[in-house]
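A closer look at the structure
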Amino acid sequence: MNWLRKLMTGRYGSDQLNLALLVLSIVLTLLARITDWLPLVFLSYLPLLFAFYRMFSRSIFRRQAENRWFLKYWTPVRQWTAQRITMLRQSKTYRFYRCPSCKTTVRVPRGKGKIEIRCPHCKTAFQRKS
């Protein structure tokens, strides 16, 4: 195990972009297996090879810049997805409405009839059926 530590000394290692590249490679491999389309098999190796290149690279600042660029676009997608999953889990007990003024999502309990909702962000009041 000491040989691996010596090999990785001074190298970049793994980060979120590498993980995304590995997941992309696995998804493409599964799709290639399902469709039996040969070009997709070769295409599935590209993200894997790029992930290994990044992992063993000694250019740490470039790899960090690539990861920051990736996270700049990936973080909003991840937050949007997490919000939708939370809303789906809470959909039995809460209703979700958008404020007509500022478009903020407001959560109200179900089964209260027609209620007046006050947006916590812009303080606009609007009526909806819960």
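Residues numbered from 1 in each chain as written. Predicted model: local features only at pLDDT ≥ 70, side-chain atom pairs only at ≥ 80, totals over all residues. Heavy atoms only, no water.

Here we come to a nonpolar patch on the surface. Side chains of Met1, Trp3, Leu4, Leu7, Phe52 and Phe56 sit close together on the surface and give an oily, nonpolar patch of about 640 Å² of accessible area. Among the elements that make up the nonpolar patch, the one with the highest residue count is helix α1 (residues 2-8) (three residues). Mapped onto the elements, Phe56 comes out in the loop between α3 (38-55) and α4 (60-89). Its relative accessible area of 33% is what places Phe56 among the partly exposed residues. (Patch = residues over 30% accessible without salt bridge, like charges linked within 9 Å, V, L, I, M, F, W, Y side chains within 5 Å. Areas by Shrake-Rupley, 256 points an atom, 1.4 Å probe, with all protein chains shown as cover. Salt bridge = Lys/Arg side-chain N within 4 Å of Asp/Glu carboxyl O. Helix = DSSP H or I, 4+ residues; strand = E, 2+ residues; numbered from the N terminus. Buried < 20%, exposed > 50% of the residue type's maximum accessible area, 1.4 Å probe, protein only.)

Take helix α2 (residues 16-35) next. In a regular helix each residue adds 1.5 Å, so 20 residues correspond to 28 Å; α2 covers 28 Å between its end C-alpha atoms and thus fits that length. Residues of α2 that are buried: Leu17, Asn18, Leu21, Ser25, Leu28 and Ala32. All buried residues of α2 lie within an arc of 100 degrees about the axis, which places them on one face of the element. Of the exposed residues in α2, those oriented more than 90 degrees away from the buried face are Leu19, Ile26, Leu30, Arg33 and Ile34. If you follow the buried residues of α2, they end up packed against α3 and α4. (Expected span 1.5 Å × (residues − 1). Arc of directions from axis to C-beta. Contact = heavy atoms within 4.5 Å.)

With respect to the helices, strands and loops of the structure, Arg54 is situated in helix α3. When its relative accessible area of 0% is taken as the criterion, Arg54 is described as buried. Looking at Arg54, its side chain comes within polar contact range of the side chain of Glu66, at 2.7 Å. (Polar contact = N/O pair within 3.5 Å; in protein donor to acceptor, adjacent residues only side chain to side chain.)

Keep in mind these values describe shape, not function.
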